[in-house]
Amino acid sequence: MDNKPVKIGDCVAVERNKTMWEGNIIQINSKSLTLKLKSGYNVGITLDKNTKIKKINAEKIGKHKPVEFKLKFDKTKPLVSILSAGGTIASSIDYSTGAISASYSASQLVSSVPELVNFANIKTKKVLEEMSENMIPKHWKQLANSVFKELKESNGVVVTHGTDTLSYTSSMLSFMLKNLNKPVVITFAQKSSDRGSSDASMNLICSAITATKNIAGVVAVGHGTMSDDYCLINPGTKVRKMHSSQRDSFRPINCSPIGKVWVDGKIKFLGKHKKKEDLKEDCYLDDKIEEKVAIVKFYPGFNPELLDVYIDKGYKGIIIEGTGLGHIAECLFPKIKRAIKEDITVCMTTQTIYGKVNPYVYSNLRILSDLGVIYLEDMLTETAYTKLMWVLGHTQNKEEVREMMLKNMCGEFNLKIQPNQFLY
Ligand code: ASP
């Protein structure tokens, strides 16, 4: 081991106490360095007299750029459009910093997954290049518009998306694409597609297969287990990222998955789902939304005056994520009263994630429901937020808003939750 000076980006072999690692330096100081290993994982190593470092490649490793290629149309297969919105699935790692950035085009992504052509003719388009935490309502509209255009000629559309806010997008698309009579599949990756451990290709293949099936609605497709066994097909209004890094992080909430899909093309539906023939009218795009809607999470010690901020800033709707059955401290009640008096729609969801809110169990919750707070049963907070935006984009009439919020538009309610749907 030569222990010559090394810097961020260098590819090195490090030995310490009989253990060897090889990778790129992504952080170094006088006491330690962090290596990005080939597996994609990072390791921190102490720098002391026992640490030996050897440069194994002085060149910086450039970004992996798959080639783009043109595909021949196969008349016997359906057409699936893959739209890229960004996120890790459309990203590559910059080995000089270890950072991940959204950089692949949809067609480059497809060129890395040639198996896709076994199931469909593939058309690709880059719509956005955003990490999903940076997405704002304008992006949902852009995506909904692009998906709608593609639906005219394709059998189904796949959207590749970041994981963090995927459920906001999947629920918003569900509300914006009215009478959706084809599959719109949102998929993702927890590890970027240029890593050996990536979940991108399996998720993409399973999504393309799903997009060729008779499903009417927005669904999220991705790993069902930590291994590469099968993917789950989950409803777009009842799906949530439940783990920060595991491949099988997307779970159905308060419902069962729609089905399972395997990379060899096999698919198994687990119950009834909406099909093309269930829709009598044509699909149309309705992307009118009211953006002045907020989510407020209640917690012990919540200062009621914080609610004044939303009221004074002219918000039109607030989703309160209460505890348990939909509780908030009584000291907030006067502010809720003020909000409702000022024509703000106030809805309640639960931070338990699973189960329903219910204002009829405890008398103090009845006060809130009497004030006009709309209790949203088992609806996810993310879905409640996008739905309230969409509903307020169409009416500000209190009774109509209540009626629409409590109407099951896109499977956002499950009135018969089963015990085995908990922590699926
Ligand atoms: N922060 C990223 C995003 O949501 C993570 C991912 O894509 O998985 O876009």
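(A) Summary view of the overall build of the protein chain. A count of helical and extended segments in the protein chain gives 9 helices and 23 strands. Computed over the C-alpha atoms, the radius of gyration of the protein chain is 24 Å, within 12% of the 22 Å expected from 2.2 N^0.38 for a compact globule of 424 residues. Taking the principal axes of the C-alpha coordinates as reference, the protein chain spans close to 75 × 60 × 40 Å. Within the protein chain, the fraction of its 424 residues that count as buried is 54%. In the protein chain, the proportion of contacts linking residues at least 24 apart, taken out of those at least 6 apart, comes to 69%. With 59 positive and 45 negative side-chain charges, the protein chain shows a spacing of 3 Å between the two charge centroids.

(B) Examining the pairing of strand 14 (residues 231-235) more closely. Within strand 14, 5 of the 5 residues are buried, which leaves the element mostly enclosed by the surrounding structure. The alternating pattern of strand 14 places Cys231, Ile233 and Pro235 on one face and Leu232 and Asn234 on the opposite face, and all of these are buried. Sheet topology note: the strand 13 (residues 217-223)/strand 14 ladder contains 5 bridges and is antiparallel. In the strand pairing of strand 14, Val219 is matched with Pro235.

(C) Representation of the packing of aromatic side chains in the model. Counted according to the given criterion, the structure contains 8 aromatic pairs. A ring pair is formed by Tyr310 and Tyr315, whose centres lie 5.2 Å apart and whose planes are at 85°; its orientation type is edge-to-face. The interplanar angle of 85° and the centroid separation of 5.0 Å between the aromatic rings of Tyr354 and Phe422 together place this pair among those described as edge-to-face. Residue Tyr354 is found in the loop between strand 22 (345-350) and helix 7 (363-371), and its partner Phe422 is found in the segment after helix 9 (398-405); the two are separated by 68 residues along the sequence. One aromatic cluster in this structure is built from Trp140, Tyr168 and Tyr385. For Lys178, the ring lying beneath its charged end belongs to Trp390, and the centroid distance is 4.1 Å. The ring of Tyr230 carries the charged tip of Lys260 above its face, separated from the ring centre by 4.5 Å.

(D) Spatial organisation of helix 8 (residues 381-392). Between its first and last C-alpha atoms helix 8 spans 16 Å; for 12 residues at 1.5 Å apiece the expected length is 16 Å, and the two agree. For helix 8, a buried count of 12 out of 12 residues is recorded, marking the element as mostly surrounded by other parts of the structure. Among the residues of helix 8, those classed as buried are Thr381, Glu382, Thr383, Ala384, Tyr385, Thr386, Lys387, Leu388, Met389, Trp390, Val391 and Leu392.

(E) Representation of the site of the ligand in the model. Looking at the ligand, the residues that line it are Gly87, Thr88, Met131, Ser132, Glu133, Gly162, Thr163, Asp164, Ala189 and Gln190. The contact in question runs from an oxygen atom of the ligand to an N or O atom on the side chain of Ser132, over 2.5 Å. Computed on the free molecule, the ligand has an accessible area of 260 Å², of which 90% lies beneath the protein chains in the complex.

(F) Looking closely at the sheet that holds strand 10 (residues 156-160). Spatially, the 8 strands line up as an open sheet ordered 9-6-10-12-13-14-17-18, and their pairing is mixed. Bordering the open sheet on either side are strand 9 (121-130) and strand 18 (267-269), each of which pairs with just one other strand. In this sheet, adjacent strand axes meet at a mean angle of 20° when their direction is disregarded. Together, strand 6 (79-86), strand 9, strand 10 and strand 12 (183-187) form the strand contacts of helix 2 (residues 137-153), whose direction differs from that of strand 9 by roughly 170°.

(G) Fine view of empty space enclosed by the protein. Counted according to the given criterion, the structure contains 1 cavity of 30 Å³ or more. Approximately 30 Å³ is the volume found for the largest cavity.

(H) Local environment of the environment of Ile336. Mapped onto the fold, Ile336 is located in helix 6 (residues 333-341). Relative accessible area serves as the criterion here: at 2%, Ile336 is assigned to the buried category. Each C-alpha atom, one on Ile336 and one on Pro304, is 9.1 Å from the other, the two residues being 32 residues apart in sequence. Ignoring sequence-local partners within four residues, the contact set of Ile336 consists of Leu307, Ile320, Ile328, Val346, Leu368, Leu371 and Val373.

(I) A look at helix 2. Helix length check: helix 2 (17 residues) gives 26 Å between terminal C-alpha atoms against 24 Å at 1.5 Å per residue, within 8%. Residues of helix 2 that are buried include every one of Pro137, His139, Trp140, Leu143, Ala144, Ser146, Val147, Phe148, Glu150 and Leu151, and no others.

(J) Region of interest: the environment of Pro235. Structurally, Pro235 is set in strand 14. Judged by relative accessible area, Pro235 falls into the buried class, the value being 16%. For the pair Pro235 and Arg251, spaced 16 residues apart in sequence, the C-alpha separation works out to 9.7 Å.

(K) Layout of the packing of helix 8 against helix 9. Contact geometry for helix 8 and helix 9: axes closest at 10 Å, N-to-C directions at 140°. Comparing the axis directions of helix 8 and helix 9 gives the class oblique. As helix 8 packs across helix 9, the resulting crossing turns out to be right-handed. Between helix 8, through Ala384, Lys387, Leu388, Trp390, Val391 and Leu392, and helix 9, the contact on the second element is made entirely by Val401, Met404 and Met405. Residue composition of the contact of helix 8 with helix 9, grouped by class: 8 nonpolar, no polar and 1 charged.

(L) Spatial organisation of the sheet that holds strand 23 (residues 374-375). Spatially, 4 strands are ordered 20-21-22-23 in an open sheet, and the strand pairing comes out parallel. The sheet is open, and its two edges are formed by strand 20 (293-297) and strand 23, each paired on a single side. Strand direction decides the pairing type here: strand 20 and strand 21 (residues 317-322), joined by 5 bridges, are parallel. Note that in strand 21 the partner of Val296 across the bridge is Ile320. In this fold helix 5 (residues 305-312) packs onto strand 20 and strand 21, with an angle of close to 175° to the strand it touches most, strand 20.

Cut-offs applied
- Residues numbered from 1 in each chain as written.
- Predicted model: local features only at pLDDT ≥ 70, side-chain atom pairs only at ≥ 80, totals over all residues.
- Heavy atoms only, no water.
- Helix = DSSP H or I, 4+ residues; strand = E, 2+ residues; numbered from the N terminus.
- Rg over C-alpha atoms; globule rule 2.2 N^0.38 Å.
- Buried < 20%, exposed > 50% of the residue type's maximum accessible area, 1.4 Å probe, protein only.
- Contact = heavy atoms within 4.5 Å.
- Lys, Arg positive; Asp, Glu negative; His and termini not counted.
- Charge placed at Lys NZ, Arg CZ, Asp CG, Glu CD.
- Pairing = 2+ DSSP bridges.
- Phe/Tyr/Trp six-rings, centres within 6.5 Å; stacked < 30°, edge-to-face > 60°.
- Lys NZ or Arg CZ within 6 Å of the ring centre and 35° of its normal.
- Expected span 1.5 Å × (residues − 1).
- Near = heavy atom within 4 Å.
- Polar contact = N/O pair within 3.5 Å; in protein donor to acceptor, adjacent residues only side chain to side chain.
- Areas by Shrake-Rupley, 256 points an atom, 1.4 Å probe, with all protein chains shown as cover.
- Axes fitted to C-alpha atoms, helices over the stretch in contact; angles between N-to-C directions.
- 1 Å grid on protein atoms, 1.4 Å probe; cavity = no way out; pocket = protein on both sides within 12 Å on 5 of 7 lines; lining within 4 Å.
- Points joined across faces, edges and corners; volume = space filled by probe spheres on them.
- Parallel < 35°, antiparallel > 145°, perpendicular 65-115°, else oblique.
- Left-handed = near helix turned anticlockwise from the far one by under 90°.
- Nonpolar A, V, L, I, M, F, W, Y, C, P; charged D, E, K, R; others polar.

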